[in-house]
Amino acid sequence: MINYIVIIVLVLVILLQEIVHSRERKDLYTRLMARDLYEYNQITKGVRGGESGDKTKQGTNILKKRIDKSYHLLHGEQKEV
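Quick caveat, the model's predicted, so the values are computed rather than measured. (Residues numbered from 1 in each chain as written. Predicted model: local features only at pLDDT ≥ 70, side-chain atom pairs only at ≥ 80, totals over all residues. Heavy atoms only, no water.)

(A) Structural view of the confidence of the model for the protein. In this model, the protein carries a mean pLDDT of 79, and residues with pLDDT of at least 70 account for 75%. Averaged pLDDT values over the elements of the protein bottom out at 69 in helix 3 (residues 54-74) and peak at 94 in helix 1 (residues 2-33). When the criterion is pLDDT under 50, residues 48-53 qualifies, and its contacts beyond four places in sequence or with other chains add up to four contacts. (pLDDT = per-residue confidence, 0-100. Helix = DSSP H or I, 4+ residues; strand = E, 2+ residues; numbered from the N terminus. Contact = heavy atoms within 4.5 Å.)

(B) Geometry of a nonpolar patch on the surface. On the surface, Met1, Tyr4, Ile5, Ile7, Ile8, Val9, Val11, Leu12, Val13 and Leu15 cluster together into a nonpolar patch covering about 1,000 Å² of accessible area. Relative to the elements of secondary structure, Val13 occurs in helix 1. For Val13, a relative accessible area of 48% puts it in the partly exposed group. (Patch = residues over 30% accessible without salt bridge, like charges linked within 9 Å, V, L, I, M, F, W, Y side chains within 5 Å. Areas by Shrake-Rupley, 256 points an atom, 1.4 Å probe, with all protein chains shown as cover. Salt bridge = Lys/Arg side-chain N within 4 Å of Asp/Glu carboxyl O. Buried < 20%, exposed > 50% of the residue type's maximum accessible area, 1.4 Å probe, protein only.)

(C) Expanded view of the pattern of salt bridges. All chains considered together, the criterion is met by one salt bridge. Residue Arg31 is joined to Asp27 by a salt bridge in which the shortest nitrogen-to-oxygen separation is 3.1 Å. Here Arg31 pairs with Asp27, and both are found in helix 1, just four residues apart, close to one helical turn. Residue Asp27 is classed as buried on the basis of its relative accessible area of 19%.

Next comes the structure, spelled out in C-alpha coordinates:
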(Lines give C-alpha, C1' and ligand atoms only; values in the text may rest on other atoms or scores of the structure.)
Protein backbone atom coordinates (compact mmCIF):
# COMPACT_ATOMS: atom_id res chain seq x y z
CA MET A 1 0.00 0.00 0.00
CA ILE A 2 2.81 2.41 0.86
CA ASN A 3 4.43 1.67 -2.50
CA TYR A 4 1.35 2.96 -4.34
CA ILE A 5 1.24 6.12 -2.24
CA VAL A 6 4.91 6.84 -2.94
CA ILE A 7 4.38 6.27 -6.67
CA ILE A 8 1.36 8.59 -6.72
CA VAL A 9 3.23 11.31 -4.82
CA LEU A 10 6.21 11.07 -7.19
CA VAL A 11 3.96 11.28 -10.26
CA LEU A 12 2.25 14.36 -8.81
CA VAL A 13 5.61 15.99 -8.12
CA ILE A 14 6.74 15.34 -11.71
CA LEU A 15 3.49 16.77 -13.10
CA LEU A 16 3.79 19.87 -10.93
CA GLN A 17 7.40 20.33 -12.01
CA GLU A 18 6.40 20.04 -15.67
CA ILE A 19 3.72 22.71 -15.25
CA VAL A 20 6.16 25.09 -13.57
CA HIS A 21 8.81 24.53 -16.24
CA SER A 22 6.26 25.12 -18.99
CA ARG A 23 5.28 28.49 -17.52
CA GLU A 24 8.92 29.48 -17.04
CA ARG A 25 9.72 28.49 -20.62
CA LYS A 26 6.85 30.60 -21.96
CA ASP A 27 8.03 33.59 -19.91
CA LEU A 28 11.59 33.13 -21.17
CA TYR A 29 10.42 33.12 -24.80
CA THR A 30 8.50 36.33 -24.14
CA ARG A 31 11.60 37.93 -22.60
CA LEU A 32 13.73 36.91 -25.53
CA MET A 33 11.28 38.36 -28.06
CA ALA A 34 10.77 41.66 -26.24
CA ARG A 35 12.95 44.51 -27.41
CA ASP A 36 13.52 45.97 -23.95
CA LEU A 37 12.27 45.87 -20.37
CA TYR A 38 9.47 48.35 -21.09
CA GLU A 39 8.04 46.18 -23.86
CA TYR A 40 8.35 43.04 -21.73
CA ASN A 41 6.46 44.77 -18.91
CA GLN A 42 3.74 45.86 -21.33
CA ILE A 43 3.33 42.31 -22.60
CA THR A 44 3.20 40.68 -19.17
CA LYS A 45 1.25 43.39 -17.32
CA GLY A 46 -2.12 41.64 -17.74
CA VAL A 47 -0.83 38.32 -16.43
CA ARG A 48 1.00 39.65 -13.37
CA GLY A 49 -1.75 42.06 -12.36
CA GLY A 50 -4.40 39.34 -12.28
CA GLU A 51 -6.35 40.99 -15.09
CA SER A 52 -7.78 39.22 -18.08
CA GLY A 53 -5.47 37.67 -20.66
CA ASP A 54 -6.47 40.20 -23.35
CA LYS A 55 -3.40 42.36 -22.72
CA THR A 56 -1.09 39.37 -22.96
CA LYS A 57 -2.74 38.35 -26.23
CA GLN A 58 -2.35 41.90 -27.52
CA GLY A 59 1.35 41.86 -26.57
CA THR A 60 1.82 38.56 -28.32
CA ASN A 61 0.27 40.10 -31.43
CA ILE A 62 2.81 42.93 -31.27
CA LEU A 63 5.62 40.39 -31.27
CA LYS A 64 4.01 38.39 -34.08
CA LYS A 65 3.70 41.53 -36.20
CA ARG A 66 7.37 42.34 -35.65
CA ILE A 67 8.41 38.79 -36.59
CA ASP A 68 6.23 38.88 -39.71
CA LYS A 69 7.63 42.27 -40.73
CA SER A 70 11.20 41.05 -40.26
CA TYR A 71 10.47 37.93 -42.29
CA HIS A 72 8.95 39.92 -45.14
CA LEU A 73 11.84 42.40 -45.15
CA LEU A 74 14.34 39.54 -45.18
CA HIS A 75 12.70 37.81 -48.11
CA GLY A 76 11.98 41.00 -50.07
CA GLU A 77 8.22 40.85 -49.85
CA GLN A 78 6.52 44.19 -49.33
CA LYS A 79 3.35 42.89 -47.72
CA GLU A 80 1.68 45.20 -45.19
CA VAL A 81 1.53 43.62 -41.74
